[in-house]
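Breakdown of the fold
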Amino acid sequence: MANIFERLGKGEGVFTDEGKLSPDYVPVDVLFREREVREFAFCLQGSARGGKGEHLIATGPPGTGKTTCAKHVLGQLSEYSKKAVPIYINCWEFSTRYAIFGEIANLLGEVLPRRGIASDEMMGRIVQNLKREKKSLIVVLDEADRLFLEKEEGILYDFARAPETSRVNVGIIAIANNKEVFARMDARIRSSLCAKMIEFFPYSPVQLKEILKARARVAFFPNALSDEVVDLCAGIGAKNGGDARIALSVLRGAGKEAEREGARKVTLEHVKRAKEGVLGGIAKRKFPLLDGNLQKVFEFVEKKGDVDSVEIYAHFGAKEESEERKIRKWIAKLEELGFLEGKEFVDGEGRGRRIRVTGK
Ligand SMILES: Nc1ncnc2c1ncn2[C@@H]1O[C@H](COP(=O)(O)OP(=O)(O)OP(=O)(O)O)[C@@H](O)[C@H]1O
Ligand SMILES: [Mg+2]
């Protein structure tokens, strides 16, 4: 009997190319996002011609295609023009001014001294490189919420001012879940950035279905999926915030369940099993990076669904004003990061705030 891995590799199972369902894969066609892709391109066209770029802030809930659109447009730009250097930075990975300048210098091929240099000097190297190569710079700062958490959003100011201070052209696309973080941005940064805002909205069930179908064509054997299976995965994505990542993860998970059983078709039962794992994993996705107290508050609100802030103070044993203030700060931080949303209310007994998980 042939080796089991060899058999799996030779077309047994359900996948033809499971990698096409991986989170890092950038689809060739970005569906239902023509307007957003055009906005991104419009903002970058100055840079693409070696001139002044414009700045753009893109916001929207998880899995609505922000990163996909940005990477797609950067790819197109590199094909079209050699006058701009496109750079993609994930701010959860590079979260300080120092780390971001370092990564950009690195990607531009600058060899930095081992002794380490100050961030201003690093920016100096970046500027010299761009001038020498006669190029403009395009920086996508993805998951930029993190910059605000680290109080490193001043980097937006550095980039926005670069044409005046250093005579180099820089175009910025900043992406985040929560548009509030930009609304609360320092006036000095906001006015120098003067960015256009664009909002991404959740996908509808029909859109999710089409996105899944297109991906299924390149990832699964033609007969491995029925319409019901695709519909169910799309429905799960739709119910959980119109999130394409969730829909695709459930589809991939269902495929893996089928392969584990040696089945050639994915069933509704496989989807249901995959759903548990995917939805259970989502909440934990960004949590390792949240401080323990924030995580506890979030989990409490998530369990309660919709809760009065006073109840949160009580749950965490706040007895004095100073303790309440501490918890209020944690809640505010979670709101700023887009994990929670709060709403003021007035009733017979006075005013208050109700807190819930964003988008729930
Ligand atoms: N319009 C689309 N067409 C095809 N695939 C899409 C589309 N939008 C999203 N996807 C797929 O869904 C997944 C999530 O999309 P993406 O990473 O762009 O979301 P996001 O808005 O950046 O989410 P987050 O805020 O969590 O970073 C990716 O695997 C991507 O390939
Ligand atoms: Mg993203």
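Residues numbered from 1 in each chain as written. Chains lettered and ligands numbered in written order. Predicted model: local features only at pLDDT ≥ 70, side-chain atom pairs only at ≥ 80, totals over all residues. Heavy atoms only, no water.

1. A word on the site of ligand 1
Heads up, the condition is: One heavy atom within 4 Å of a molecule or strand is enough for the residue carrying it to be called near that molecule or strand. As used in this structure description, the phrase polar contact means that two N or O atoms lie within 3.5 Å; if the pair is within protein, one of them must be able to donate a hydrogen and the other to accept it, and residues adjacent in sequence are counted only when both atoms belong to side chains. Each accessible area is a Shrake-Rupley result for a 1.4 Å probe, and residues are judged covered by the shown protein chains and nothing else. Per the convention used, a helix needs a DSSP run of H or I reaching at least four residues, while a strand needs a run of E reaching at least two, with both numbered from the N terminus. Residues are grouped as follows: nonpolar covers Ala, Val, Leu, Ile, Met, Phe, Trp, Tyr, Cys and Pro; charged covers Asp, Glu, Lys and Arg; every other residue, Gly included, is treated as polar.
Around ligand 1 lies a shell of 22 residues, among which Leu31, Lys66, Thr67, Thr68 and Tyr203 are the nearest. Between ligand 1 and the protein, one listed contact pairs an oxygen atom with a side-chain N or O atom of arginine 215 at 2.8 Å. Within the contact set of ligand 1, an oxygen atom lies 3.0 Å away from a side-chain nitrogen or oxygen of arginine 245. Out of a free accessible area of 630 Å², ligand 1 has 95% covered by protein chains. Among the elements of the structure, α3 (66-80), α10 (205-219) and α12 (244-260) are those that each provide at least two residues to the shell around ligand 1. Across the shell around ligand 1, the residue classes break down as ten nonpolar, six polar and six charged.

2. Describing the sheet that holds strand β8 (residues 350-357)
To summarise the sheet geometry, strands pair through backbone hydrogen bonds and adopt either a parallel or an antiparallel arrangement. Definition in use: Strand pairing is assigned whenever DSSP identifies at least 2 bridges connecting the two strands. Geometry is summarised by axes, namely lines fitted to C-alpha atoms with helices restricted to the contacting stretch, and by angles between N-to-C directions that run from 0 to 180 degrees. Any two residues whose heavy atoms approach within 4.5 Å at even a single point are treated as in contact.
Taken together, three strands build an open sheet; the order of strands is β6-β8-β7 and the sheet is antiparallel. The open sheet terminates on both sides in strands that have one partner only, identified here as β6 (306-308) and β7 (340-347). Taking each pair of neighbouring strands and ignoring which way they run, the sheet shows an average axis angle of 30°. Relative to β8, β7 runs antiparallel, the two sharing eight bridges. Residue pairing in the sheet places aspartate 347 in a bridge with glycine 350 of β8. Running over the sheet, helix α14 (residues 292-304) touches β6, β7 and β8 and is turned about 95° from β8. Relative to the sheet, helix α16 (residues 321-336) contacts β7 and β8, its axis offset from that of β7 by approximately 120°.

3. Some remarks on the sheet that holds strand β3 (residues 136-142)
An order of β2-β3-β4-β1-β5 is seen for the five strands of this open sheet, with the pairing classed as parallel. The two strands at the open ends of the sheet, each matched to only one other strand, are β2 (84-90) and β5 (196-199). For this sheet, the mean inter-axis angle between neighbouring strands, taken without regard to orientation, is 15°. As paired elements, strand β1 (residues 56-59) and strand β4 (residues 170-176) share four bridges and run parallel to each other. Bridge pairing in β4 places leucine 56 opposite isoleucine 173. Contacting β1, β2, β3 and β4, α3 crosses the sheet at an angle of about 160° to β2.

4. A short note on the nonpolar core
Note the threshold: Residues enter a nonpolar core if they are buried and are Ala, Val, Leu, Ile, Met, Phe, Trp, Tyr or Cys, with the set joined through side-chain atoms within 4.5 Å. Relative accessibility decides the category of a residue: with a 1.4 Å probe and only protein chains considered, values under 20% of the type maximum give buried, values over 50% give exposed, and everything between is partly exposed.
Residues Ile89, Ile104, Leu137, Leu141, Leu156, Phe159 and Phe182 are the most contacted members of the largest nonpolar core, which totals 38 residues. Once you skip the residues sitting within four places of it in the chain, phenylalanine 159 turns out to touch Phe101, Ile104, Met123, Val139, Leu141, Val170 and Ile172. Grouped together as the second largest cluster of nonpolar side chains are 30 residues, Leu208, Leu212, Phe220 and Ala224 included.

5. Here's the deal with the packing of aromatic side chains
To keep things clear, this is the line we draw: By convention, a stacked pair of Phe, Tyr or Trp rings (six-membered ring in the case of Trp) has centres within 6.5 Å and planes under 30 degrees apart, an edge-to-face pair has planes over 60 apart, and any other such pair is tilted. Comment: the charge-over-ring label is applied if NZ (Lys) or CZ (Arg) is within 6 Å of the ring centre and within 35 degrees of the ring normal.
In total, this model carries six aromatic pairs according to the counting rule given. Taking 6.0 Å as the distance between ring centres and 65° as the angle between the ring planes, the aromatic pair formed by phenylalanine 40 and phenylalanine 200 counts as edge-to-face. In this pair, phenylalanine 40 is assigned in helix α2 (residues 34-48) and phenylalanine 200 in the loop between β5 and α10, connecting sequence segments 160 residues apart. By the burial criterion, phenylalanine 40 is buried, and phenylalanine 200 matches it. With a centroid separation of 5.7 Å and 75° between ring planes, the pair formed by phenylalanine 298 and phenylalanine 339 is classed as edge-to-face. On the criterion of sequence distance, the pair formed by phenylalanine 298 in helix α14 and phenylalanine 339 in the loop between α16 and β7 is long-range, its members being 41 residues apart. Just as phenylalanine 298 is buried, phenylalanine 339 falls in that class too. Of note, lysine 71 hangs over the ring of tyrosine 88, and the distance from its end group to the ring centre comes to 4.6 Å. Over the aromatic face of tyrosine 157 sits the side chain of arginine 188, whose NZ or CZ is 4.1 Å from the ring centroid.

6. Some words on the environment of lysine 275
Here lysine 275 shows up in helix α13 (residues 268-282). It is 9.1 Å that separates the C-alpha atoms of lysine 275 and alanine 247, two residues lying 28 residues apart in sequence.

7. Remarks on the domain arrangement of the protein chain
Worth spelling out the cut-off: Note that domain bounds follow an automatic or database assignment of domains. In short, buried area is how much 1.4 Å probe accessible area vanishes from two parts on joining, totalled over both. For salt bridges, the criterion is a side-chain nitrogen of Lys or Arg within 4 Å of an Asp or Glu carboxyl oxygen.
Domains assigned within the protein chain are domain 1 (34-199), domain 2 (204-282) and domain 3 (290-357). Computed over C-alpha atoms only, the centres of domain 1 and domain 3 are separated by 34 Å. With seven residues of domain 1 at the contact, the number on the domain 3 side is five residues. Buried area between domain 1 and domain 3, summed over both chains or domains, comes out near 570 Å², and the portion from carbon and sulfur atoms is 54%. Where domain 1 meets domain 3, there are zero salt bridges. Scanning the region where domain 1 abuts domain 3 turns up one residue pair in polar contact (both at pLDDT 80 or more).

8. Some points on the packing of α2 against α3
The condition that has to hold: In these notes the angle categories are as follows: under 35 degrees is roughly parallel, over 145 is roughly antiparallel, 65 to 115 is roughly perpendicular, and the rest is oblique. Note on convention: near helix rotated counterclockwise from far helix by under a right angle means a left-handed crossing. Clockwise means right-handed.
Two elements in contact, α2 and α3, have axes separated by 10 Å at closest approach and are oriented at 40°. Here α2 is positioned oblique relative to α3, judged by the angle of their axes. In this structure, α2 crosses over α3, and the sense of that crossing is right-handed. Together, Glu36, Val37, Phe40, Ala41, Leu44 and Ala48 of α2 and Lys66, Cys69, Ala70, His72, Val73, Leu74, Leu77 and Tyr80 of α3 make up the contact between the two elements.

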